[in-house]
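Below are the chains, spelled out letter by letter.
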Amino acid sequence: MSEPDLDIGLLRAFEVLFAQRNVTRAAEQLGIGQPALSARLTRLRALFGDTLFTPSSSGRGVVPTARAIHLDPLVRDLITRLARLAEPLEFDPATSERTFRLALYENPAVMLIPDLVHRLQSTGPNIRIAVVAPDPERMSEDMEDGSIDMFVGSGKASSLWLSKTLFEEQFVVAQRAGHPRGRGPLTLDEYCALDHILISAEGGGFSGLVDDTLAMANRRRRVTVSVQTYALAPLVVANSDCLCTLPHRFLAKYAAAIEIMEPPFALDAVGLTAFWHPRHQEDEGHAWLRGQLFAAAREQGRR
């Protein structure tokens with residue numbers, strides 16, 4: 001007999017009847033009537049091709065057959081295994097060796113990852129975290145198949161994902177210590193006349209969000225340096241007379257080497273959002289990771 005048509009109700013009927021050796025008491029324990037239990041026993045006999053239980057010689061109760069005695073530990077083990085299917089997947093950060101993969105662009109990575117790693121080392125010492133550059137063409141597929149646990153970025157993303165806004169970030173201007181212009185408030189004329197460094201994600205660009213904003217006021221700045229990575233911008237600023245205009249939390253990481261000031265014109269804040277696939281929503285480990293990331297973002301907001 002292969003692939004018997006068993007269900008948990010039949011297995012429980014066998015288990016209880018084997019333990020009670022009495023149809024009346026077994027039916028009471030199962031919360032069903034004796035006719036219903038008899039119907040289940042009939043199905044069990046047909047499935048296993050064996051009587052399974054025979055009337056006791058005393059006239060009270062039943063006696064298991066040799067086949068029933070053989071089946072009893074197997075049935076109890078199967079019931080235990082089936083019960084585990086409904087149990088939540090336990091996660092203990094203190095002992096887990098799980099690896100999480102986060103997709104972040106360089107700017108949010110610089111702002112969030114140092115604090116996140118610090119939190120992970122103190123609460124999940126054996127947990128590993130991989131920070132990778134987002135691949136826009138594969139992001140939906142990577143999120144769906146679990147290759148990426150979370151994506152952190154700005155703007156809108158797939159409507160199929162779940163999300164939480166981490167914080168909104170204001171833009172500021174940075175210059176080197178001892179800049180020839182001095183430390184006073186920056187005027188719009190000064191801003192437009194001085195050299196600037198711009199981060200071009202695509203590489204080689206000399207115009208971006210700031211330039212679009214200035215163009216609306218019929219103004220233009222002098223972008224003389226274009227780099228593709230955020231990490232290079234503060235180094236260039238600290239060693240030249242170029243200015244850069246970037247999110248405050250990013251530039252604050254380099255405050256020892258540069259001076260930060262308000263821009264002389266209004267720039268919209270940019271929001272940073274964490275995205276994850278619904279397949280991870282009930283995962284205890286993923287919920288823990290989200291909590292650590294959200295806490296790291298709150299810590300950034302307090303600085």
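Just so it is clear, the structure is predicted and the values come from calculations on it, not from any experiment.

### Comments concerning the overall build of the protein chain
Along its length, the protein chain carries 11 helices and 12 strands. Whereas a compact globule of 303 residues would reach a radius of gyration of roughly 19 Å, the protein chain reaches 33 Å, over 25% beyond that. Across the protein chain, every contact between residues at least 6 apart in sequence was considered, and the portion connecting residues at least 24 apart equals 75%. Accessible area of the protein chain: about 16,800 Å², with a carbon and sulfur share of 51%.

### Digging into the packing of aromatic side chains
Describing an aromatic ring pair means giving the distance of the ring centres and the angle of the ring planes. Tallied over the entire structure, the rule returns 13 aromatic pairs. For the pair F151 and W161, a centre-to-centre distance of 6.4 Å together with 70° between the ring planes defines the contact as edge-to-face. With F151 in strand β5 (residues 150-153) and W161 in the loop between β5 and β6 (162-169), this residue pair connects regions lying 10 residues apart in the sequence. Ring geometry for Y230 versus F250: centroids 5.4 Å apart, planes at 75°, classification edge-to-face. On the criterion of sequence distance, the pair formed by Y230 in the loop between β9 (222-227) and α9 (232-238) and F250 in helix α10 (residues 248-252) is long-range, its members being 20 residues apart. The partly exposed category is assigned to Y230, whose relative accessible area is 21%. Given a relative accessible area of 0%, F250 falls into the buried group.

### So, the sheet that holds β5
The mixed open sheet is built from five strands, whose spatial order is β4-β3-β5-β12-β6. Of all the strands in the sheet, the pair left with one neighbour each is β4 (128-132) and β6. Taking the axes of each pair of neighbouring strands and ignoring which way they run, one obtains an average angle of 20° across the sheet. Relative to β5, strand β3 (residues 99-104) is paired through three bridges, and the arrangement is parallel. Bridge pairing links L102 to M150 in β5. Against the sheet, helix α5 (residues 106-123) makes contact with β3, β4, β5, β6 and β12 (270-276), and its axis sits at roughly 155° relative to β3, the strand it touches most.

### Quick notes on the pattern of salt bridges
The final tally for this structure, using the stated rule, is 14 salt bridges. In this structure, the salt-bridge partner of R12 is E15, at a minimum N-O distance of 2.5 Å. Of this pair, R12 and E15 both sit in helix α1 (residues 8-20), three residues apart, which is roughly one turn of that helix. The class of R12 is partly exposed, set by a relative accessible area of 30%. What makes E15 buried here is its relative accessible area of 18%.

### Details of the sheet that holds strand β10 (residues 244-247)
Read across the sheet, three strands follow the order β10-β7-β11 without closing on themselves; strand pairing throughout is antiparallel. Both outer strands of the open sheet, β10 and β11 (258-261), are each paired with one neighbouring strand and no more. On average, each strand axis in the sheet is tilted by 40° relative to the strand beside it, whichever way the strands run. Pairing of strand β7 (residues 171-176) with β10 involves four bridges; the strand directions are antiparallel. Within the sheet, the bridge partner assigned to F171 lies in β10 and is P247.

What counts and what doesn't
- Residues numbered from 1 in each chain as written.
- Predicted model: local features only at pLDDT ≥ 70, side-chain atom pairs only at ≥ 80, totals over all residues.
- Heavy atoms only, no water.
- Helix = DSSP H or I, 4+ residues; strand = E, 2+ residues; numbered from the N terminus.
- Rg over C-alpha atoms; globule rule 2.2 N^0.38 Å.
- Contact = heavy atoms within 4.5 Å.
- Areas by Shrake-Rupley, 256 points an atom, 1.4 Å probe, with all protein chains shown as cover.
- Phe/Tyr/Trp six-rings, centres within 6.5 Å; stacked < 30°, edge-to-face > 60°.
- Buried < 20%, exposed > 50% of the residue type's maximum accessible area, 1.4 Å probe, protein only.
- Pairing = 2+ DSSP bridges.
- Axes fitted to C-alpha atoms, helices over the stretch in contact; angles between N-to-C directions.
- Salt bridge = Lys/Arg side-chain N within 4 Å of Asp/Glu carboxyl O.

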